[in-house]
Amino acid sequence: MNSPANSIDVCSHKSHYDLVVIGAGHAGCEAALAGARMGLDTALITPSMAAVARMSCNPSIGGIAKSHMVFELDALGGEMALNTDCTGVQFRVLNRRKGPAVQANRVQCDKPAYSARMRAVLSHTKNLTCLEGQVTGLKVQNGKICGVFEQKRGFVVCEKVILTAGTFLRGRVLIGHESVPSGRIGEPSEEQLSLQLQQLGFSLGRLKTGTPPRLHKDSIDYTKLQVQPGETAPVPFFSRWCRDHAEQFHVEHQEKADEAADQEGAQADETSGAKGTCSTWNTSRRKRPDGQTECSTWNQTQQSSLLGGYPDGCIWYAEGDTCPVPPVPRGTRPLPPFAPWIPGTDPMPCFLSHTNERTIDLIQSHLKESSLYGGMVTGAGARYCPSIEDKVVKFAGRTAHHVFIEPEGRHVLEVYPNGTSNSLPFEVQEAMIHSIPGLEQAKFLAPGYAIEYDYFDPLQLKTTLESKVVEGLYLAGQVNGTTGYEEAAAQGFMAGVNAALSLKGETPVVFRRHEAYIGVLIDDLATKGTNEPYRMFTSRAEHRLLMRQDNAAYRMLDTARRIGILDKEVLAKIEEERQQIQAERVRLHREFRDGISLAQAIKRQGASYASVVGQNGLSPTVIDQIEFELRYEGYIEREWRQVERAEQIGRQKLPADMDYFALAALRYETREKLNQVRPANLGQASRISGVTPADIAILSVWLKSRHEGE
């Protein structure tokens, strides 16, 4: 299974791998890294390595519940958390005023740096070969995957395949009444793969998402906007690596180090002959008509009428031209691998504006010209991330909607007007944006657009993310009906882990709903399905206090140890902290002062561990956990009782070959759904949409009579 680390291989003649991952978005990257790090000889196939982990929409990671999954990925050995911390330009914690169960990190990232660092990680990972190419079909024999057909290399044999094609399966980019086959604007869609899967028995559907226009950062009047700064002390990192080294990032000689970096970057610019300032990490640069060089994240040529009529400079670029890479001065300061700068330093602000009556009137008068309301879109859109047209229609009484002006990177032109996603004609988009305070003179660098694409009914998945239709084929990301980078990454990682465990003949990893948000996500998909883009929220989890983002490392520890991706030293440190938390909680309950236990004293309003116990050598991380566990102790105990009741139901297994249609006592609708999902136990059956408590009671009686008969 082992092979050396590989660089990007565009013409490999190797024809056999343990695992092939199709697509290098957020799901594909995590799937390939997980498989390779667990010892599989892995190939990652994508049309363009320049688009690896591209942040097609908002360049941010985290948010409500999404951040919980990023913490869980980090605790298991995924890459998203560290990649985010290394390339973040603004760090925030949401819901500070609420309890720890719903607090969430959110990080605005440097878009080209995020993609490029992930590309560097992939190309330096042992057992992983990155191939530029197009998978045109799958080879299936006797209901089992046995290889893929790649456009340049022909047939590639493999034991497992993970499909992470995102929005590229028969993708259509829509602007006004124009429609162009595309997975992202300027990038071709895949037209045949989903149709082949449909022929194999997969249920196919259509979904829709979208993105706002991109605006030139220097054309915005920031004096009319409200500043939205991030947090700096301490920086709320996602990854354990950065949290453990945070104090060492900020040394007394920081200013000298930054000055040295500026000087080295300037020297690199002179050496390369670059006339403009560009981002690091080999992002493509545009050539402006005046000969100057500008950096951008939208590196597409003028391929269709969709791109016609934009301002000069929007489509000027030099194919393959790269930006200089100013070295980061390391000194004695530890930095993560491939970090483009010291994590958490030099934060950038976001800004806030609002729509108004003029904005709403413009949109209402041109609704029929949009793709969404003009009859061009057939797929269901994202309920929780509506386009500006949807807001106008569904919230007709409101005129003021938030518009967050967010940077896409340190040295790129584009800013992202979050909240203005639309599919209106370009000239209408322009008028709409110019009606918003601060954006009156905004220059467009790319249009907003809707995108419609194929997805597969996730009810046809096992909870391992392996298909029930084709053995050895796993699906992850937007092809399963989800939306969001974090949801995709979580699925990709779990698909990679379970593909590796399957090849090794080991038990798969399936998180229960009280163990991880990743478990809630996958259980919802495989049990309930979805007919609209699925997004994770804390409200989807029944046991939020048990699954806080701050305790992810301790919740995931036993599974992380079994997977074996994290270093043993890291696991040992987490185990030590977990034991310290448990031992100290016991001690605080047993020791008394002034007639009450120390634990009870800490629970008093205004009290803290430090005020009651003082300093005793425990780390701030351990102390925070102790305080949380004590203050919410009663609620946590109640949730564990609820888990135990649910576990009792869940322990009643349902036969894999059970004929639900033979149970005449069940409603026909229930029999249909049970036969489609084929739940593993009564607990999963109870979560199927449309299955009632009365149905579960009938199943329970049937199981009891069956056991008594045996």
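Residues numbered from 1 in each chain as written. Predicted model: local features only at pLDDT ≥ 70, side-chain atom pairs only at ≥ 80, totals over all residues. Heavy atoms only, no water.

### Quick word on the overall build of the chain
Line of reasoning, step 1. When helices and strands are counted, the chain shows 22 helices and 26 strands.
Line of reasoning, step 2. Per-residue burial over the chain gives 57% buried out of 710 residues.
Line of reasoning, step 3. Pairs at least 24 residues apart make up 74% of the contacts formed inside the chain by residues separated by at least 6 positions. (Helix = DSSP H or I, 4+ residues; strand = E, 2+ residues; numbered from the N terminus. Buried < 20%, exposed > 50% of the residue type's maximum accessible area, 1.4 Å probe, protein only. Contact = heavy atoms within 4.5 Å.)

### What about the confidence of the model for the chain?
Line of reasoning, step 1. Averaged over every residue, the pLDDT of the chain is 87; residues scoring 70 or more account for 86%.
Line of reasoning, step 2. For residues 252-258, every residue scores under 50 in pLDDT, and the model assigns this stretch 6 contacts once sequence neighbours within four places are set aside.
Line of reasoning, step 3. For residues 260-332, every residue scores under 50 in pLDDT, and the model assigns this stretch 140 contacts once sequence neighbours within four places are set aside. (pLDDT = per-residue confidence, 0-100.)

### Observations regarding the packing of helix α15 (residues 568-590) against helix α18 (residues 620-631)
Line of reasoning, step 1. The contact between α15 and α18 brings their axes to 10 Å, and the two run at 50 degrees. By the angle between their directions, the pair α15 and α18 is classed as oblique. At the point where α15 passes α18, the crossing takes the right-handed sense. Mapping the contact onto sequence places E577, Q580, I581, E584, R585, L588 and H589 in α15 and T621, V622, Q625, I626, E629 and L630 in α18.
Line of reasoning, step 2. Considering only residue class, the contact of α15 with α18 consists of 5 nonpolar, 4 polar and 4 charged. (Axes fitted to C-alpha atoms, helices over the stretch in contact; angles between N-to-C directions. Parallel < 35°, antiparallel > 145°, perpendicular 65-115°, else oblique. Left-handed = near helix turned anticlockwise from the far one by under 90°. Nonpolar A, V, L, I, M, F, W, Y, C, P; charged D, E, K, R; others polar.)

### Points about helix α12 (residues 517-528)
Line of reasoning, step 1. Compared with the 16 Å implied by 1.5 Å per residue over 12 residues, the 16 Å span of α12 between its first and last C-alpha is a close match.
Line of reasoning, step 2. Of all 12 residues in α12, 11 are buried; the element is thus mostly enclosed.
Line of reasoning, step 3. Of the residues making up α12, those classed as buried are Y517, I518, G519, V520, L521, I522, D523, D524, L525, A526 and T527.
Line of reasoning, step 4. Just downstream of α12, G529 is the residue with a positive phi angle, here 70 degrees. (Expected span 1.5 Å × (residues − 1).)

### Thoughts on the side chain of Q429
Line of reasoning, step 1. Of note, Q429 is situated in helix α10 (residues 426-434).
Line of reasoning, step 2. Looking at Q429, its side chain comes within polar contact range of the main-chain nitrogen of G448, at 2.8 Å.
Line of reasoning, step 3. Residues in contact with Q429, not counting those within four places in the same chain, are I175, P213, N422, L424, F444, P447 and G448. (Polar contact = N/O pair within 3.5 Å; in protein donor to acceptor, adjacent residues only side chain to side chain.)

### Here we look at helix α5 (residues 193-200)
Line of reasoning, step 1. Considered for burial, the residues of α5 that qualify are L193, S194, Q196 and L197. Looking down the long axis of α5, one finds its buried residues gathered within 155 degrees of arc, a one-sided arrangement.
Line of reasoning, step 2. Next to the buried residues of α5 lie β8 (135-141), β10 (154-163), β13 (204-211), β23 (449-456) and β24 (473-475).
Line of reasoning, step 3. Two residues or fewer past α5, G201 is found with a positive phi of approximately 120 degrees. (Arc of directions from axis to C-beta.)

### Structural notes on unusual backbone geometry
Line of reasoning, step 1. Cis geometry marks the peptide bond from A233 to P234; its omega dihedral reads -10 degrees.
Line of reasoning, step 2. Assignment of secondary structure puts P234 in the loop between β15 (226-228) and α6 (240-249).
Line of reasoning, step 3. Residue F338 is not a glycine yet carries a positive backbone phi of 65 degrees.
Line of reasoning, step 4. With respect to the helices and strands, the residue F338 is situated in the loop between β18 (318-322) and β19 (350-354).
Line of reasoning, step 5. Unlike most non-glycine residues, L465 shows phi in positive territory, near 75 degrees.
Line of reasoning, step 6. Counting through the fold element by element, L465 comes out in the loop between β23 and β24.
Line of reasoning, step 7. Residue class for L465 comes out buried when judged on its relative accessible area of 1%.

### What about the pattern of salt bridges?
Line of reasoning, step 1. Going through the model one piece at a time under the given rule, you end up with 48 salt bridges.
Line of reasoning, step 2. With a closest N to O distance of 3.3 Å, K66 and E486 form a salt bridge. In this pair, K66 sits in helix α2 (residues 66-76) while E486 sits in helix α11 (residues 485-503), placing the two residues 420 residues apart along the sequence. For the pair K66 and E486, one class covers both residues: buried.
Line of reasoning, step 3. Between K528 and D524 there is a salt bridge, with its nearest N and O atoms 3.5 Å apart. In this pair, K528 and D524 are both assigned in helix α12, 4 residues apart and thus about one turn of the helix distant.
Line of reasoning, step 4. The exposure class assigned to K528 is partly exposed, which follows from its relative accessible area of 39%.
Line of reasoning, step 5. Its relative accessible area of 3% is what places D524 among the buried residues. (Salt bridge = Lys/Arg side-chain N within 4 Å of Asp/Glu carboxyl O.)

### Notes on the sheet that holds strand β21 (residues 414-418)
Whenever strands of a sheet pair, they do so through backbone hydrogen bonds, lying parallel or antiparallel.
Line of reasoning, step 1. Taken together, the 6 strands give an open sheet; going across it, the order is β15-β19-β20-β21-β14-β22, and neighbouring strands pair in antiparallel fashion. Looking at strand neighbours, the two that pair on one side only are β15 and β22 (444-446), the edges of this open sheet. Neighbour-to-neighbour, the strand axes of this sheet turn through a mean angle of 35 degrees, independent of strand direction.
Line of reasoning, step 2. As paired strands, β15 and β19 are joined by 3 bridges and run antiparallel to one another. Looking at β19, one finds that Q228 is bridged to C350. (Pairing = 2+ DSSP bridges.)

### Focus: the pairing of β21
Line of reasoning, step 1. In terms of residue burial, β21 counts as a mostly covered element, since 4 of its 5 residues are buried.
Line of reasoning, step 2. Bridge analysis of strand β14 (residues 214-216) against β21 gives 2 bridges, and the strand direction is antiparallel. Of the residues in β21, the one forming a bridge with L215 is V415.
Line of reasoning, step 3. One ladder, built from 4 bridges, connects strand β20 (residues 402-407) with β21; its direction is antiparallel. Looking at β21, one finds that F404 is bridged to N418.

### Observations concerning the packing of α11 against α12
Line of reasoning, step 1. Remark: α11 packs on α12, axes separated minimally by 10 Å, with the N-to-C direction vectors making an angle of 85 degrees. With respect to each other, α11 and α12 are oriented roughly perpendicular. Residues E487, A490, Q491 and M494 of α11 touch α12, and the partners they reach there are I518, L521, I522 and L525.
Line of reasoning, step 2. For the contact of α11 with α12, the class distribution of residues is 6 nonpolar, 1 polar and 1 charged.

### Brief notes about the environment of Y449
Line of reasoning, step 1. Structurally, the position occupied by Y449 is in strand β23.
Line of reasoning, step 2. Between the alpha carbons of Y449 and P425 there is a distance of 9.0 Å; along the sequence they are 24 residues apart.
Line of reasoning, step 3. Separated by 3.5 Å, the side chain of Y449 and the backbone nitrogen of I185 make a polar contact.

### Notes on the sheet that holds strand β5 (residues 88-94)
Line of reasoning, step 1. Within the open sheet, the 3 strands sit side by side as β4-β6-β5. Their pairing is antiparallel. Lying at the two open borders of the sheet, with one neighbouring strand each, are β4 (60-62) and β5. Pairwise comparison of adjacent strand axes, ignoring direction, gives a mean angle of 15 degrees for this sheet.
Line of reasoning, step 2. Sheet topology note: the β4/strand β6 (residues 104-109) ladder contains 3 bridges and is antiparallel. Opposite S60, over in β6, you have Q108 as the bridge partner.

### Points about the packing of aromatic side chains
Line of reasoning, step 1. Counted according to the given criterion, the structure contains 8 aromatic pairs.
Line of reasoning, step 2. When the centroid spacing of 4.8 Å and the interplanar angle of 50 degrees are considered together, the rings of Y222 and F351 count as tilted. Linking Y222 in the loop between β14 and β15 with F351 in strand β19, this pair joins segments that are 129 residues apart in sequence.
Line of reasoning, step 3. In this structure F351 comes out as buried when scored by relative accessible area, which is 13%. (Phe/Tyr/Trp six-rings, centres within 6.5 Å; stacked < 30°, edge-to-face > 60°.)

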